[in-house]
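Spelled out from the first residue to the last, the chains are:
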Amino acid sequence: MNNESKSPSLPENTSIRWYQALVDNMNEGFGIIDETEVFTYVNKRFGDLLGYEPDEMIGRSIFSFLDESQAEVLRSTLEKRRDGISSQYELRWTTRRGTNIPTLVSGAPLFDKDNNHIGSFAAITDISELKENQERIRTSREIYRTLFEESPIGIIRLNANGDILDANKTALDLLGYESVENRLEININEHPKLKDSEINRQYQRALTEKESFIGRTEYKTTGGKNLYVRYKLHPIIDESGGVSEILAAFDDISALRSSDLALRASEEKYRTLAESSLQGLSIIQDDRYVYVNRAFANMLGYSVEEILDMTKEKQWGLIHPDDQEYLLKLSEDRKAGKAVPQPYQYRFVTRDGEIRWVEAFSGYIDYEGKSALQVLIIDITERKKAQEAVRESEQKYKTLAEQSIQGITVLKDDGIAYANKTFAEMVGYSLEELYDRSLEEAWELIHPDDRELLRQRIEARSEGKEVGHRSEYRLVRKDGKTIWVESFASRIDYEGSTAVQTVHVDITERREAEKQSRTAKDRANLYLDILSHDVRNMLQVIMNSATLLRDADDQRTRDSFLQVIDESVQRCSRLIEEVRASEDFVLVPLQKRSLKSALQACISGLAKSMHQVDFHLSLEEDALVLADVFLELLLTNILANAVEHNTNDEKIVWASLKESNGGYLLSIADNGPGIKDSRKDELFNMARRFGGVGLHQANQIIEKYGGRIAIHDRVQGDHSQGAEFRIWFPKPAR
């Protein structure tokens, strides 16, 4: 398709909004690319067509949504755009899932006011259904034509005036015509051999009564050969209810008519095939079995003679009672000329009462001169048992899953296919809410900090890499709270397609116990370190000063040693008080507190006791966080650290508070000497403490709150410009 025309001019600026609303809400896809073939606009319909949000497509090359063959098609059309030519053509796009979707693209160039080419726009119409219908029509026509041409039965098409429209090769051969052109001159109402024939009378009846007619007649071919043909005339009804054509199907039965021996031989072949068949075969005439083969009889546990000698009622009793009404309905539909499903299934009851499932194929035949129903029967009892076993297995799985104390989910490409009640209770959603979630929405149940690692594990497993099936991560409940789970994932076949089954075990209490145990161990190590390092050093200073004090000759020297001893004792006392201050902080319950108010109070207190310090505050949020009475201790330790280690005459501390990553980020920076990268991680390392307990206390307190501390350079890449402590607090659960 390539209807080309010169591009229309663009609408005036005053109409831009109207056109914007039009393309945003049109039922067809619409896109605009610039001169570099990059999308600058995509409407929602176009994005939905390819499985993307419009923002995901904007800024990307149009060729990233096409395979190489389609890219070549597009390149040739884009050359025409630069020449100002619009065109319409077909293009197959590649969707997010990697499938191809055929479209009709109506493209036109864009020019600026100076007539410079600046890109193109196009309307995109999904023609998948059109293509499928065209293919069905083409296939149907090919099948019809093949059946028509290759049929071993002669077929002729006649119009309502009696003219022959078409005939297949079999018909030409039977009637003695060499080509199709010869028969076009024949009219059934005028031809000497046909106008007074029985077949013409039946033709006229088919026209007027609009019904099919079957008959037999003699016919002499153009070569003088006498035939005895069996025929069927079938009217084709048009939309107005009239007859548009008559199909005449016929075959030569001269040999059958002239030779009863041939007929008997044919019947004998049929019986031989039927008796040697491994499938059951029966013929029903006048609502009773008139023929059954040995396979059919063996299937039901009777002899052939026993079944044929049964009364009509007893033969009917071989059908399972629950299926008799269904078979009666099929029989009525056949007699009414309605379509009957092929195959269809029902049950027999054998001699010993066993139920056997069968699959049947049926059709009318001529049997001993009369119409009869031939039924081919395949025993599918074992297949049914296997299907029932699978169904029972699935039911047992669901029963076990529903009773499990562990959360169980089954995830497919389109979202959560199954979840048990335990998992729903874990995350605080109803089962209906979980089933309504798409795949991307299901990922939102995973804590944001854990999603990327989990995706990497899934991708590695899909690539065949060795990755354990066990994972630990956090789930986000509907009320905003988080729980820790231990999960075990595996691929399964679920309802005919591949899915991922995951078993979730709530380990929140275990993680909390491990956290408390780790905190207790850290504090024990801290106490041991303080006793073996800080207190021991100060006691050594006291002992040395006392020894020198005894040997001092003048009062001034004695006073200096006494001052050293006094300062060491006070330092020991302060150290002990600092440790005792947070002794029971783990047991103190959390409550909502204003982070902004606590920070302002701490800065106000420090400003009074610390001179030559300039505090700059930038507090965007009045953040409420879950904390306790140790919040001020946490903030004071970080603020004091920023001041005490600052050797500059003019000390500056910057404090800012803003919302970040689902919580609040507090930044405390200074203009001090900064911290080298090699020491940043060591500041919170209990095994390499550099004196004091303030930063360790701060780290323990923020861990209790569910937050974290990180150290950065105030000026990125230059640690000598000062340090920045970033403290993140989570938002309280709703």
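Notes on the structure in this doc start here. Everything numeric here is computed off the predicted structure, so don't read it as measured data.

A tally of helices and strands in the chain yields 25 helices and 28 strands. Across the 734 residues in the chain, those meeting the buried criterion constitute 39%. When contacts within the chain are restricted to residue pairs at least 6 apart in sequence, those whose partners lie at least 24 apart make up 51%. Summed over its atoms, the accessible surface of the chain is roughly 43,000 Å², and 50% of this surface lies on carbon and sulfur atoms.

Per the stated rule, a full pass over the model turns up 36 salt bridges. With its nearest N and O atoms 3.0 Å apart, the salt bridge here joins E198 to R201. With E198 and R201 both in helix α8 (residues 198-209) and 3 residues apart, this pair spans about one turn of that helix. Given a relative accessible area of 34%, E198 falls into the partly exposed group. A relative accessible area of 46% places R201 in the partly exposed class. Across the pair E486 and R510 runs a salt bridge whose closest N-O atoms are separated by 3.8 Å. Of this pair, E486 sits in strand β20 (residues 482-494) while R510 sits in helix α20 (residues 508-551), and the two are 24 residues apart along the sequence. Overall, R510 belongs to the partly exposed group, its relative accessible area being 34%. Through salt bridges with shared partners, one network takes in R470, E472, E486, R510 and R511.

With mixed pairing, the 5 strands of this open sheet are ordered in space as β23-β25-β26-β28-β27. Edge positions in the sheet fall to β23 (613-619) and β27 (708-715), since each has one partner strand and no second. The mean angle between the axes of side-by-side strands here comes to 20°, regardless of whether they run parallel or antiparallel. Where helix α22 (residues 595-609) meets the sheet, its contacts fall on β23, β25 (651-660), β26 (663-670) and β28 (718-730), and the angle it forms with β23 comes to roughly 170°.

Our focus in this paragraph is the layout of surface pockets. Counted as a void, the second largest pocket has a volume near 1,300 Å³. Lining the second largest pocket are 41 residues, and of these L411, K412, L439, W443 and I458 lie nearest its centre. Mapped onto the lining of the second largest pocket, the elements with two or more residues apiece are α2 (44-50), β17 (407-412), α18 (439-443), α19 (448-462), β19 (470-476), β20 and β21 (497-506). The element contributing the most residues to the lining of the second largest pocket is α19, with 7 residues. A class-by-class count of the residues in the lining of the second largest pocket yields 18 nonpolar, 12 polar and 11 charged.

One open sheet accounts for 5 strands, arranged β18-β17-β21-β20-β19; its pairing is antiparallel. The open sheet has two edge strands with one neighbour each: β18 (415-419) and β19. For this sheet, the mean angle separating the axes of adjacent strands, direction not counted, is 35°. Strand direction decides the pairing type here: β17 and β18, joined by 4 bridges, are antiparallel. Each bridged residue has a counterpart across the sheet, and for T409 the counterpart in β18 is A419.

It is a general feature of regular strands that their side chains alternate between the two faces of the sheet. With 3 bridges joining them, strand β2 (residues 29-34) and strand β3 (residues 39-42) adopt antiparallel strand pairing. Counted as the bridge partner of G31 is V42 from β3. In sequence, β2 turns back onto β3 through a hairpin of 4 residues, with E37 there showing a positive phi of about 65°.

On to the packing of α22 against helix α23 (residues 631-644). Where α22 contacts α23, the two axes come as close as 9 Å, and the packing angle between them is 50°. Taken together, α22 and α23 sit at an angle that is classed as oblique. Two packed elements cross with a definite hand, and for α22 against α23 that hand is right-handed. Residue-level contacts link L595, A598, L599, C602, I603 and L606 of α22 to L631, E632, L635, T636, L639 and A640 of α23. The residue inventory of the contact of α22 with α23, partitioned by class, reads 10 nonpolar, 1 polar and 1 charged.

This part is about empty space enclosed by the protein. The full count for this structure, using the stated rule, is 2 cavities of 30 Å³ or more. Each pocket or cavity is described by its volume, and for the largest cavity that value is around 150 Å³. Contributing to the lining of the largest cavity are 18 residues, with I33, I62, Y89, F121 and A122 lying nearest its centre. Ranked by residues supplied to the lining of the largest cavity, first place goes to strand β6 (residues 117-126) with 4 residues. Each pocket or cavity is described by its volume, and for the second largest cavity that value is around 30 Å³. Around the second largest cavity sit I33, D34, E35, E37, L78, R82, H117, G119 and S120, which together line it. Going through the elements one at a time, β2, α4 (68-82) and β6 are the ones with two or more residues in the lining of the second largest cavity. For the lining of the second largest cavity, the leading source of residues is β6, giving 3 residues.

Let us now look at the packing of aromatic side chains. One pass over the full model with this rule turns up 11 aromatic pairs. Ring geometry for F46 versus W93: centroids 5.2 Å apart, planes at 75°, classification edge-to-face. Of the two residues, F46 is situated in helix α2 and W93 in strand β4 (residues 85-94); the sequence distance between them amounts to 47 residues. Accessibility classification places F46 together with W93 in one group, the buried group. Taking 6.0 Å as the distance between ring centres and 20° as the angle between the ring planes, the aromatic pair formed by Y344 and Y346 counts as stacked. Like Y346, Y344 is buried. Clustering of aromatic rings is evident, with ring pairs tying together F39, F46, Y52, F65 and W93. The ring of W357 has K384 lying over it, and the distance from NZ or CZ to the ring centre is 4.4 Å.

A separate point is the pairing of strand β15 (residues 355-367). Where strand β14 (residues 344-349) and β15 come together, 6 bridges link them in antiparallel fashion. If you follow R347 over to β15, its bridge partner there is W357. As consecutive antiparallel partners, β14 and β15 are separated by 5 residues, and within that stretch G353 has a phi angle of approximately 90°, a positive value. What sits between the antiparallel neighbours β15 and strand β16 (residues 370-379) is a turn of 2 residues, in which E368 has the positive phi angle 55°.

Rules of the game
- Residues numbered from 1 in each chain as written.
- Predicted model: local features only at pLDDT ≥ 70, side-chain atom pairs only at ≥ 80, totals over all residues.
- Heavy atoms only, no water.
- Helix = DSSP H or I, 4+ residues; strand = E, 2+ residues; numbered from the N terminus.
- Buried < 20%, exposed > 50% of the residue type's maximum accessible area, 1.4 Å probe, protein only.
- Contact = heavy atoms within 4.5 Å.
- Areas by Shrake-Rupley, 256 points an atom, 1.4 Å probe, with all protein chains shown as cover.
- Salt bridge = Lys/Arg side-chain N within 4 Å of Asp/Glu carboxyl O.
- Pairing = 2+ DSSP bridges.
- Axes fitted to C-alpha atoms, helices over the stretch in contact; angles between N-to-C directions.
- 1 Å grid on protein atoms, 1.4 Å probe; cavity = no way out; pocket = protein on both sides within 12 Å on 5 of 7 lines; lining within 4 Å.
- Points joined across faces, edges and corners; volume = space filled by probe spheres on them.
- Nonpolar A, V, L, I, M, F, W, Y, C, P; charged D, E, K, R; others polar.
- Parallel < 35°, antiparallel > 145°, perpendicular 65-115°, else oblique.
- Left-handed = near helix turned anticlockwise from the far one by under 90°.
- Phe/Tyr/Trp six-rings, centres within 6.5 Å; stacked < 30°, edge-to-face > 60°.
- Lys NZ or Arg CZ within 6 Å of the ring centre and 35° of its normal.

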